[in-house]
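Here is what each chain is made of, one letter per residue.
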Amino acid sequence: AQSVAQPEDQVNVAEGNPLTVKCTYSVSGNPYLFWYVQYPNRGLQFLLKYITGDNLVKGSYGFEAEFNKSQTSFHLKKPSALVSDSALYFCAATNYGGSQGNLIFGKGTKLSVKP
Amino acid sequence: DARVTQTPRHKVTEMGQEVTMRCQPILGHNTVFWYRQTMMQGLELLAYFRNRAPLDDSGMPKDRFSAEMPDATLATLKIQPSEPRDSAVYFCASGPGQAVDEQFFGPGTRLTVL
């Protein structure tokens, strides 16, 4: 069965420090990987995706993610965290040949950035 | 700026009452999704439609939940009768339909069943 794991329920970072939110996946075939962000009382917003090509993907708000096929990981990163980055982050995966209905979400990681 | 809209944004009802949530997907998107979000279960896919046809509703409790798309601009999710355990935030999302495409989420309906 396909799955997405976000091993940390919460990540705490000081403003200005780098941040990493971890994600590992298990899908058959070639994966398509996504990160979404959810601010309080809002719907999820797309941040970035990996389809193919360069393993380092850049997205909105200065976020980037690195696809690592051997470790089946797709960790979200940002060089310098902002207080406004505090939100709930979801990793999601599907596979080549799948459809949007096969998108599997992780349980989410709450990012807290303190001044 | 195209976006998914959902109504109502908040709903408080009593157990046993019917609840109807509505969603207007982004024009041109042919895939619509209903999700439920709770603290305990996280984000769960309830149902999804392509070209207004239901493709998968295995995530829905069939005895009380129903989802429909009367036309391309409206998706509905009904709960009858509602129960306290249905209290959650319900999100609608739409997308162009391919696996490579991102989904666009609405703001959600926060449902409280007393």
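Chains are numbered independently. Their residues run from 1 in the order of the written sequence. Here the convention is simple: chains get letters from A, ligands get numbers from 1, in the order in which they are written. Only residues with pLDDT of 70 or above have their local features reported here, since the model is predicted, and side-chain atom pairs are shown and tallied only from 80 upward, although totals for entire chains, interfaces and linings are computed over all residues. Only hydrogens and water are set aside; all other atoms, that is, all heavy atoms of the structure, feed into the side-chain values.

Chemist: If you had to explain the state of the cysteines to someone new, which residues and values would you point to?
Modeler: Any cysteine sulfur atom paired with another within 2.5 Å is treated as part of a disulfide. A complete count under the given rule lists 2 disulfides over all chains for this structure. The partner cysteine of A:Cys23 in its disulfide is A:Cys91, sulfur to sulfur 2.0 Å. Linking A:Cys23 and A:Cys91, the disulfide has an S-S dihedral of approximately -65° and is accordingly described as left-handed. Of this pair, A:Cys23 sits in the loop between strand S3 (19-21) and strand S4 (24-26) while A:Cys91 is found in strand S10 (residues 87-95), placing the two residues 68 residues apart along the sequence. Side by side, A:Cys23 and A:Cys91 carry an identical accessibility label, which is buried. Disulfide pairing is shown between B:Cys23 and B:Cys92; the S-S distance is 1.9 Å. Looking down the S-S bond of the B:Cys23 and B:Cys92 bridge, the torsion is -60°, so its handedness is left-handed. Here B:Cys23 is found in strand S3 (residues 19-24), whereas its partner B:Cys92 is found in strand S9 (residues 88-95), with 69 residues between them in sequence. Both residues of the pair, B:Cys23 and B:Cys92, count as buried. Secondary structure elements follow DSSP: runs of H or I of four or more residues count as helices, runs of E of two or more count as strands, with numbering from the N terminus. Throughout this description, buried means an accessible area under 20% of the type-specific maximum (1.4 Å probe, protein chains only), exposed means over 50%, and partly exposed covers the range between.

Chemist: Quick rundown of the interface of chain B and chain A? Include the residues and the values.
Modeler: It only takes one pair of heavy atoms within 4.5 Å for two residues to be counted as in contact. At the junction of the two partners, chain B supplies 24 residues and chain A supplies 22 residues. Both sides of the chain B and chain A interface together cover about 1700 Å² of buried area, and 52% of this is carbon and sulfur. For any pair of parts, buried area is found by adding up, for both, the accessible area (1.4 Å probe) each one loses once the two are put together. When the area that chain B buries against chain A is broken down by residue, the three leading residues are B:Ala99, B:Val100 and B:Glu102, summing to 31%. Criterion for a salt bridge: a side-chain nitrogen of Lys or Arg within 4 Å of a carboxyl oxygen of Asp or Glu. Applying the counting rule to chain B against chain A returns 1 salt bridge. In this structure, A:Lys49 engages B:Glu102 in a salt bridge whose closest nitrogen and oxygen atoms are separated by 3.0 Å. Any N or O atom pair separated by 3.5 Å or less is treated as a polar contact, with the protein-specific requirement of one donor-capable and one acceptor-capable atom, and with residues adjacent in sequence counted only for side-chain atom pairs. At the junction of chain B with chain A, the criterion picks out 6 residue pairs in polar contact (both at pLDDT 80 or more). Mapped onto the side of chain B that touches chain A, the elements with two or more residues apiece are strand S4 (31-38), strand S5 (42-50) and S9 of chain B. Classification used: nonpolar for Ala, Val, Leu, Ile, Met, Phe, Trp, Tyr, Cys and Pro, charged for Asp, Glu, Lys and Arg, polar for all others including Gly. When its residues are assigned to classes, the side of chain B that touches chain A shows 11 nonpolar, 8 polar and 5 charged.

Chemist: Mind laying out the side chain of B:Ser94, listing which residues take part and the relevant values?
Modeler: All names here are of chain B. Within the fold, Ser94 resides in strand S9. A distance of 2.7 Å separates the side chain of Ser94 from the side chain of His29, its partner in a polar contact. Excluding residues that lie within four positions of it along the chain, Ser94 makes contacts with Val4, Pro25, Ile26, His29, Thr31, Val32, Phe33, Glu102, Gln103 and Phe104.

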